[in-house]
Amino acid sequence: MPTSEIAGSTALVTGASRGFGRDIATALSGIGVQVVGVARDGAQLRELRTELGESFTPVTADAADSTVAGQLIDAYRPGILVLNAGATPLPRPIQHQSWQTFSRNWDVDVQHVFHWMREALLAPLAPGSPVIAVSSGAALRGSPLPGGYSGAKATIRFITSYAAAESERDGLGITFVSVLPQLTLATALGAVGVAAYAARQSVDVPTFLADLGPALSPEQAGKAVADLVTGRRHDQGAYLLTAAGMSPVS
Ligand SMILES: NC(=O)c1ccc[n+]([C@@H]2O[C@H](COP(=O)([O-])OP(=O)(O)OC[C@H]3O[C@@H](n4cnc5c(N)ncnc54)[C@H](OP(=O)(O)O)[C@@H]3O)[C@@H](O)[C@H]2O)c1
């Protein structure tokens, strides 16, 4: 987005109450964007409102609900959409999953990206609007413990590319990008995954983390999304995000 259009524009961030989403909301607020943050826990959203002030509007809602995306896009007309909400998967081997636990990230992560991207195309958002979906590095290589997580996150990347193609085909000028963060201990969801993989490998968490390399922080995730919005990185359909920064995924 041109710098002149960023200040005063509105971003809608799903999963803004904690983890990456909280820092994405904070980073966008820091570059002058009005942020509407969506999550189910109203108390955590209100805390962020106290921290960020009037630049942050909390909305307590289920982002995977089929009607919420359309209602909020109509109400706030966002020029930036960050689809970050995600369920914490149950980190068990496949034979210890039920279909319900295996498909948790399909019901929440994938379903919400489906609804929001569909509504972004139908609205349509204004030309030049970036839509950023949070996938996962696990989408590139699978992740045997959290069941359906990696497949769900790979599907988010596919849906993002399908939406990008529809935008181009219809001349809408909406850009669709997916970001694939590496596993990190720094969020509630990541900590569950790190603990499970360490236990699976019969090593302690510090040993597991040492093998994983430098940790990605939520602040870095926030900055990466802000860089995508300001157009400093924007030309690729998908980016791997590690502590070293973003690199295009082909
Ligand atoms: N941390 C990692 O290692 C890692 C790595 C790769 C990708 N990711 C992805 O990054 C994204 C953010 O994860 P995180 O690590 O920051 O996890 P987190 O700390 O657990 O935060 C998840 C956020 O999603 C929200 N959320 C969950 N279900 C929701 C729903 N139905 N409607 C609205 N909001 C919902 C949560 O708020 P409520 O519970 O209040 O609704 C919370 O704000 C996820 O998509 C995750 O898969 C994380």
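Model, not experiment: these values are computed from the prediction.

1. A look at helix α10 (residues 218–229)
Phase 1 of the analysis: Along its 12 residues, α10 runs 17 Å from first to last C-alpha, staying within 8% of the 16 Å computed at 1.5 Å per residue.
Phase 2 of the analysis: Taken across its 12 residues, α10 has nine buried, putting it largely inside the fold.
Phase 3 of the analysis: Along α10, the positions that sit buried rather than exposed are P218, A221, G222, A224, V225, A226, D227, L228 and V229.
Phase 4 of the analysis: Downstream of α10 by a residue or two, G231 has a phi angle that is positive, lying close to 85°.

2. Side note on the site of the ligand
Phase 1 of the analysis: For the ligand, the set of nearby residues contains 30 residues, the closest of which are S17, F20, R40, D62 and T187.
Phase 2 of the analysis: D41 is positioned with one of its backbone polar atoms (N or O) 2.9 Å from an oxygen atom of the ligand.
Phase 3 of the analysis: Note that an oxygen atom of the ligand is positioned 2.8 Å from one of the side-chain N or O atoms of K153.
Phase 4 of the analysis: Contact with the protein chains covers 97% of the free accessible surface of the ligand, which is 880 Å².
Phase 5 of the analysis: According to the grid-proximity analysis, the pocket containing the ligand is the largest pocket.
Phase 6 of the analysis: Of all the elements in the fold, those that place two or more residues in the shell around the ligand are α2 (19–30), α6 (104–122), α7 (149–169) and α8 (188–200).
Phase 7 of the analysis: Considering every element that reaches the shell around the ligand, the biggest residue donor is α8, with three residues.
Phase 8 of the analysis: Classifying every residue of the shell around the ligand by side-chain character gives 13 nonpolar, 11 polar and six charged.

3. Brief notes about the packing of α2 against helix α3 (residues 42–52)
Phase 1 of the analysis: With their axes 11 Å apart at the nearest point, α2 and α3 run at an angle of 25° to one another. Accordingly, the angle class assigned to the pair α2 and α3 is roughly parallel. The chirality of how α2 crosses α3 is right-handed. On α3, the residues touching R22, A25, T26 and S29 of α2 are Q44, E47, L48, E51 and L52.
Phase 2 of the analysis: For the contact of α2 with α3, the residue count by class is three nonpolar, three polar and three charged.

4. Here's the deal with the pattern of salt bridges
For side chains of opposite charge, pairing can occur when their charged atoms come near one another.
Phase 1 of the analysis: The final tally for this structure, using the stated rule, is five salt bridges.
Phase 2 of the analysis: Of the charged contacts, one joins K153 and D109 as a salt bridge, the two residues approaching to 2.8 Å between their closest N and O atoms. You can see K153 sitting in helix α7 and its partner D109 sitting in helix α6, a full 44 residues away along the chain. Here the two residues K153 and D109 agree in accessibility, since each one is buried.
Phase 3 of the analysis: Measuring nitrogen to oxygen at the nearest pair gives 3.7 Å for the salt bridge that ties R118 to E119.

5. Comments concerning the sheet that holds strand β1 (residues 10–14)
Phase 1 of the analysis: Strands sit in the order β3-β2-β1-β4-β5-β6-β7-β8 across an open sheet of eight strands; the sheet is mixed. Bordering the open sheet on either side are β3 (56–60) and β8 (245–248), each of which pairs with just one other strand. Between one strand axis and the next, the sheet turns by 20° as a mean value, whatever way the strands run.
Phase 2 of the analysis: Examined bridge by bridge, β1 and strand β4 (residues 80–83) share four bridges and lie parallel to one another. Bridge pairing links A11 to I80 in β4.

6. Focus: the pairing of strand β7 (residues 238–242)
Phase 1 of the analysis: Sheet analysis places strand β6 (residues 175–181) next to β7, joined by four bridges and oriented parallel. Looking at β7, one finds that S178 is bridged to A238.
Phase 2 of the analysis: What sits between the antiparallel neighbours β7 and β8 is a turn of two residues.

Calculation rules
Residues numbered from 1 in each chain as written. Predicted model: local features only at pLDDT ≥ 70, side-chain atom pairs only at ≥ 80, totals over all residues. Heavy atoms only, no water. Helix = DSSP H or I, 4+ residues; strand = E, 2+ residues; numbered from the N terminus. Expected span 1.5 Å × (residues − 1). Buried < 20%, exposed > 50% of the residue type's maximum accessible area, 1.4 Å probe, protein only. Near = heavy atom within 4 Å. Polar contact = N/O pair within 3.5 Å; in protein donor to acceptor, adjacent residues only side chain to side chain. Areas by Shrake-Rupley, 256 points an atom, 1.4 Å probe, with all protein chains shown as cover. 1 Å grid on protein atoms, 1.4 Å probe; cavity = no way out; pocket = protein on both sides within 12 Å on 5 of 7 lines; lining within 4 Å. Sits in = over half its atoms within 2 Å of the grid points. Nonpolar A, V, L, I, M, F, W, Y, C, P; charged D, E, K, R; others polar. Axes fitted to C-alpha atoms, helices over the stretch in contact; angles between N-to-C directions. Parallel < 35°, antiparallel > 145°, perpendicular 65-115°, else oblique. Left-handed = near helix turned anticlockwise from the far one by under 90°. Contact = heavy atoms within 4.5 Å. Salt bridge = Lys/Arg side-chain N within 4 Å of Asp/Glu carboxyl O. Pairing = 2+ DSSP bridges.

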